[in-house]
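Each chain is listed here by its residues.
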Amino acid sequence: MRTGPAPGTDPAPRRRKHWSGRANPLAGLGSVLWLAVVVVPVYAMISASLTHQSEALGHNALKPPSHPTLDNYDTVLHNGFGHLLWNTVLAATAVVAIVLVLCVPLSYVAVRTRSIWSGAAFRLFLLGVAIPAQAVVVPLYLMIAKLDLYDSLLAIILPTAAFAMPVSVLILTGTLRDISEDLYEAMALDGASPTRMLFQLVVPLAKGGISTVVVYAALQAWNGLLFPLIFTQSDGPRVLTLGLFNYVSEFGVNIPALLASVVLSGVPIFVVYLVARRALVGGLMGVGGK
């Protein structure tokens, strides 16, 4: 005899639909608007860099050039662009190296050392976030001159690294706090020293935060203008941001060549972003140490 389900029991399991989330038209519209804000200026810049100088001022920024040309890029490449690019790459690499060598151990000590002095030193160090470079450019100029570093790449590298360190420490400490305490205790039971924990535990698990710091420090060096403008004078240590002045004269501006130089200058750092984008996004979301 066939009987039904017992009272209080659930009948045959039903298939339930799981929705990842409701549609949000406002969020979609905002994303499209933000995409337009980002893409349209880039398109206008590339389009203008392919026009002739004679029609640059009267050219519609949103209209493709009627007679596109690569002469502007040829002008940039034959106007010392390679030298400027090499100096910028050296400066950015040195800044990233200095920031990583100093900030990773410093953040590790700030997270693992629980003392009043460690916390006070950490908070004092982060005061650098609130100090703009423009406010201390005169004392920095005097220090650079006293150290006989004026008009050299070191005059660009050292201040840039110094002002990139506070934010880098802030990012790294947030990443290192996500590492489980159990992992530290397990390595301590194995007899690992603090140095071994740093290189075998912290660095591998903090790739997200480290990638974020690498991109941030590289951008600070790549796009920096104040320190190269104040602390250098000759063509030897000139970087890409100063090279843009090559297309500005007393009688006018070579707009297509200037924009072609901007496009070429942005390609290397864009490649760096593409390589590290996944770790960068993870670090910015605060999950780099998980």
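Everything below is about the structure shown above.
Cut-offs used in this document
- Residues numbered from 1 in each chain as written.
- Predicted model: local features only at pLDDT ≥ 70, side-chain atom pairs only at ≥ 80, totals over all residues.
- Heavy atoms only, no water.
- Helix = DSSP H or I, 4+ residues; strand = E, 2+ residues; numbered from the N terminus.
- Buried < 20%, exposed > 50% of the residue type's maximum accessible area, 1.4 Å probe, protein only.
- Contact = heavy atoms within 4.5 Å.
- Areas by Shrake-Rupley, 256 points an atom, 1.4 Å probe, with all protein chains shown as cover.
- Patch = residues over 30% accessible without salt bridge, like charges linked within 9 Å, V, L, I, M, F, W, Y side chains within 5 Å.
- Salt bridge = Lys/Arg side-chain N within 4 Å of Asp/Glu carboxyl O.

Q: Explain the overall build of the chain to me, using residue names and the numbers behind them.
A: A count of helical and extended segments in the chain gives 12 helices and two strands. Shown N-terminal to C-terminal, the secondary structure of the chain runs as helices and strands in the order α-α-α-α-α-α-α-α-α-α-α-β-β-α. Evaluated residue by residue, the chain yields a buried proportion of 34% over its 290 residues. For the chain, long-range pairs separated by at least 24 residues make up 73% of all intrachain contacts whose partners lie at least 6 apart in sequence. Surface exposure of the chain reaches about 18400 Å², of which carbon and sulfur atoms provide 67%.

Q: Before we move on, could you go through a nonpolar patch on the surface and cite the residues and values that matter?
A: A grouping of Trp34, Leu35, Val37, Val38, Val39, Val40, Tyr43 and Leu62 is seen on the molecular surface, where their side chains present a nonpolar patch of about 770 Å² in accessible area. Relative to the elements of secondary structure, Leu62 occurs in the loop between helix H1 (25–49) and helix H2 (71–77). A relative accessible area of 55% means that Leu62 is categorised as exposed.

Q: Go over unusual backbone geometry, please, and point to the residues and values.
A: One non-glycine residue, Asp148, lies in positive phi territory at about 60 degrees. By the secondary structure assignment, Asp148 is in the loop between helix H5 (137–146) and helix H6 (154–176). Phi is positive for Asp151, which is not a glycine, with a value near 65 degrees. Take Asp151: it is sitting in the loop between H5 and H6. A relative accessible area of 26% means that Asp151 is categorised as partly exposed.

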